[in-house]
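# Observations on the three-dimensional arrangement
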Amino acid sequence: MVEQAVQNPGERVPAGGVDQLALPFGHRSRFARADFVAAGSNNAARAWLLGVNPWPEHRLALWGAAGAGKTHLLEIWAREQGAVLLRGPDVTRAMLGELLDGPAETFRAVAVDDADHAADQQAILHLLNAAREQRIALVMAARLAPARWPVDLPDLASRLRATMAIELRQPEDALLRILLLRHLADRQIVVSQPVTEWLLRRLPRTASAIRDAAIRLDQAGLAAGRRVTRALAVSALHDLLDQGEIPAERLVDLPVR
């Protein structure tokens, strides 16, 4: 279904020349459980986060590269558990004080995205202690494993090392294909199947590269006022693509498909 949405013409392709103004179309990420694509690279994270096994000290950390699915899983869990969803850079002791001083039933679960970017280390330590003492379910997401977070407080470093941490690995090829098709479909970008296959062969094998490629193709297609062709993709993604089979002097002469 995702591929059909990509292949079929949408309403995004402007009529006229290539010098039209690029208008920003709104894009919202989909974080429902039904939109999460299960794969071997995220099996362990899904099993621990969404399963029934208890976590040591009532806390769990998900870590992995950008685009691996951490935020999506965090959103699913927070919605289903009625959890307070926070961002690491925004967590402060004052904020936690207000939450913890409120009715107990309103603060039984909390999720913290970008937890390794928290500026207030005392606040994170306070949150970890509260999770243990008040039996608050706590999930943190970060790009690094908790033991590798840059912290100065010895007590916080000790708590982080004792936190159960599950890695979301880089997606396998089948998942990368689904991610590319979904990112393109979400942005209503018209890309033919030959160009899609060509992109999959040449883009870096990471979720963040796939996501960034879709964003740049969206911007380039809007600026050019036409659907994404191979030539347009080369122009927009020249620093990302593996151009092993394309001599540099021929980049501007690629056939338009």
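This text goes with the structure placed above it.
Quick caveat: nothing in here was measured; it's all calculated off a predicted structure.

### Observations regarding the pairing of strand 5 (residues 164–168)
Residues M164, I166 and L168 point to one face of strand 5 and are all buried, whereas A165 and E167, pointing to the other face, are not buried. Pairing between strand 1 (residues 59–64) and strand 5: 5 bridges, direction parallel. Opposite L60, over in strand 5, you have M164 as the bridge partner.

### Concerning the pattern of salt bridges
Across all of its chains, the model carries 9 salt bridges by this definition. Of the charged contacts in the structure, one is a salt bridge between D114 and R87, with a shortest N-O distance of 3.8 Å. Pair noted here: D114 is in the loop between strand 3 (109–113) and helix 5 (121–133) and R87 is in strand 2 (residues 84–87), with a separation of 27 residues, a long-range link. When its relative accessible area of 25% is taken as the criterion, D114 is described as partly exposed. In this structure, the salt-bridge partner of R132 is E133, at a minimum N-O distance of 3.8 Å. A residue is classified by how much of its surface remains accessible, and E133, at 58% relative accessible area, is exposed. Residues participating in the shared-partner salt-bridge network are E57, R132 and E133.

### Considerations on the packing of helix 9 (residues 207–224) against helix 10 (residues 230–237)
Packing of helix 9 against helix 10 leaves a shortest axis separation of 9 Å and a crossing angle of 115°. Where helix 9 crosses over helix 10, the two elements pack in a sense that is right-handed. When helix 9 is examined against helix 10, the residues A213, R216, L217, A220, G221 and A224 are found in contact with a partner set consisting of L232, A233, A236 and L237. Of the residues assigned to the contact of helix 9 with helix 10, the class counts are 8 nonpolar, 1 polar and 1 charged.

### Comments concerning the packing of helix 8 (residues 193–202) against helix 10
Contact pair helix 8 / helix 10: the axes reach a minimum separation of 10 Å and the direction vectors enclose 30°. As far as their axial angle goes, helix 10 and helix 8 are roughly parallel. Judged by the twist between their axes, the crossing of helix 8 over helix 10 is right-handed. Between helix 8 and helix 10, the residues in contact are V195, W198 and L199 and R230, A233, V234 and L237, respectively.

### Thoughts on the packing of aromatic side chains
Per the counting criterion, the structure on display carries 1 aromatic pair. Here W55 and W77 contribute two aromatic rings whose centre-to-centre distance is 5.8 Å and whose plane-to-plane angle is 45°, an arrangement assigned as tilted. Of this pair, W55 sits in the loop between helix 2 (43–50) and strand 1 while W77 sits in helix 3 (residues 70–81), and the two are 22 residues apart along the sequence. Exposure class is identical for W55 and W77. Each is buried.

### Examining the nonpolar core
Counting residues in hydrophobic clusters, the biggest one holds 28 residues, and the most contacted among them are L184, L199, L203, L217, V228, L237 and L241. Counting only elements with at least two residues in this core, the list comes to helix 7 (173–186), helix 8, helix 9 and helix 10. Sequence-distant contacts of L199, that is, excluding residues within four places in its chain, are made with L180, L217, A233, L237 and L241. L96, A115, A118 and M140 belong to the second largest nonpolar core, which has 23 residues in total.

### Some thoughts on helix 5
A rise of 1.5 Å per residue sets the reference length of helix 5, with its 13 residues, at 18 Å; its end C-alpha atoms lie 18 Å apart and thus fit the reference within 8%. The complete set of buried residues in helix 5 reads Q121, A123, I124, L125, L127, L128, N129, A130 and A131. The backbone nitrogen of Q122 lies 3.2 Å from a side-chain oxygen of the residue at the head of helix 5, namely D120. Taken from the residues just after helix 5, R135 is the one with a positive phi, measuring 55°.

### A closer look at the sheet that holds strand 3
One open sheet accounts for 5 strands, arranged 2-3-4-1-5; its pairing is parallel. This sheet does not close on itself; its edge strands, each paired only once, are strand 2 and strand 5. When the angles between neighbouring strand axes are averaged without regard to direction, this sheet yields 20°. Pairing of strand 2 with strand 3 involves 4 bridges; the strand directions are parallel. Note that in strand 3 the partner of R87 across the bridge is D113.

What counts as what
Residues numbered from 1 in each chain as written. Predicted model: local features only at pLDDT ≥ 70, side-chain atom pairs only at ≥ 80, totals over all residues. Heavy atoms only, no water. Buried < 20%, exposed > 50% of the residue type's maximum accessible area, 1.4 Å probe, protein only. Helix = DSSP H or I, 4+ residues; strand = E, 2+ residues; numbered from the N terminus. Pairing = 2+ DSSP bridges. Salt bridge = Lys/Arg side-chain N within 4 Å of Asp/Glu carboxyl O. Axes fitted to C-alpha atoms, helices over the stretch in contact; angles between N-to-C directions. Left-handed = near helix turned anticlockwise from the far one by under 90°. Contact = heavy atoms within 4.5 Å. Nonpolar A, V, L, I, M, F, W, Y, C, P; charged D, E, K, R; others polar. Parallel < 35°, antiparallel > 145°, perpendicular 65-115°, else oblique. Phe/Tyr/Trp six-rings, centres within 6.5 Å; stacked < 30°, edge-to-face > 60°. Core = buried A, V, L, I, M, F, W, Y, C linked by side-chain atoms within 4.5 Å. Expected span 1.5 Å × (residues − 1). Polar contact = N/O pair within 3.5 Å; in protein donor to acceptor, adjacent residues only side chain to side chain.

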